[in-house]
Amino acid sequence: MAVLRTDLLFNFLIGLLAVIVILALKVNPPATPDIAQPGNIVVSAAWPEGSNDVDLWVQHAGDIAVGYSNKSGKVWSLLRDDLGNVNDSTPMNYESSFSRGIPDGEYAVNVKCFTCFGKFPVPVAVEVRLATGELIWRGVVDLVANKQERTAVRWRMADGLVVKDSASSVFKKMNRGE
């Protein structure tokens, strides 16, 4: 009789455990909200290996410029400030910035030879893309002197779209809040 009670208790516990496991699998995990990833516009600048320190500067109208000395603004954030081969474990020289949102207005991308040594010109490959992968602009800007700054591209956005025929490379002096 004691064996029968132990078997019944054991079977009851196994059944209870099975019910708990099944219920646990049926409980939905909390829903994670769809959060838009940062980087609606991504700007990158790359230049040849070596000790040259080229800086990427980006600006949205009405905001201060974002670059090495001001890493974030209302719209832009600098992801990486590359100092050439100083404190760098790779030979690749590369800086990038991304926007948070795409507010209407003018955007500008400048590159500057912060500290350039040796052979000129320093070719800087610049690319501007939407997070969807759509190319806004791609080109090479040649920096021909130390401390030289050039505008790679400036353009206008309206309703999340590039305004047709708004792109130019007319120099824009950026407000760095200095």
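Scroll up to find the structure this text is about.
Peer 1: How would you sum up the nonpolar core? Please name residues and give values.
Peer 2: Among the nonpolar cores identified, the biggest contains 28 residues, and Ile41, Val54, Val109, Val111, Val124 and Trp155 are the most heavily contacted of them. For this core, the elements supplying multiple residues, two or more each, are β1 (41-47), β2 (53-60), β3 (76-80), β5 (105-115), β6 (122-130), β7 (135-143) and β8 (149-158). Broken down by element, this core gets its largest block of residues, 5 residues, from β6. Setting aside residues no more than four positions away along its own chain, Val111 makes contact with Ala45, Val54, Asp55, Leu56, Val124, Val126, Val141, Leu143, Gln148, Glu149 and Arg150.

Peer 1: Explain unusual backbone geometry to me, and be specific about the residues and the numbers.
Peer 2: Each neighbour pair has its own omega, and for Phe120 with Pro121 the value is 0 degrees, a cis peptide bond. As for its position among the elements, Pro121 is in the loop between β5 and β6. Look at Lys147: it is not a glycine, yet its phi comes out positive at around 75 degrees. Tracing the sequence through the fold places Lys147 in the loop between β7 and β8. Phi angles above zero are rare outside glycine, and Asp165 is one such case at about 60 degrees. By secondary structure assignment, the location of Asp165 is in the segment after β9 (161-162). In this structure Asp165 comes out as exposed when scored by relative accessible area, which is 74%.

Peer 1: Which residues make up the state of the cysteines, and what values do they have?
Peer 2: One way to say it: the disulfide is the covalent bond shared by the sulfur atoms of two cysteines. If you walk through the whole model with that rule in mind, you get 1 disulfide. A sulfur-sulfur distance of 1.9 Å marks the disulfide that ties Cys113 to Cys116. Residues Cys113 and Cys116 are joined by a disulfide whose S-S torsion is about -95 degrees; by sign, that bridge is left-handed. Each member of the pair Cys113 and Cys116 is classed as buried.

Here is what the cut-offs are and how they apply
- Residues numbered from 1 in each chain as written.
- Predicted model: local features only at pLDDT ≥ 70, side-chain atom pairs only at ≥ 80, totals over all residues.
- Heavy atoms only, no water.
- Core = buried A, V, L, I, M, F, W, Y, C linked by side-chain atoms within 4.5 Å.
- Buried < 20%, exposed > 50% of the residue type's maximum accessible area, 1.4 Å probe, protein only.
- Helix = DSSP H or I, 4+ residues; strand = E, 2+ residues; numbered from the N terminus.
- Contact = heavy atoms within 4.5 Å.
- Disulfide = S-S within 2.5 Å.

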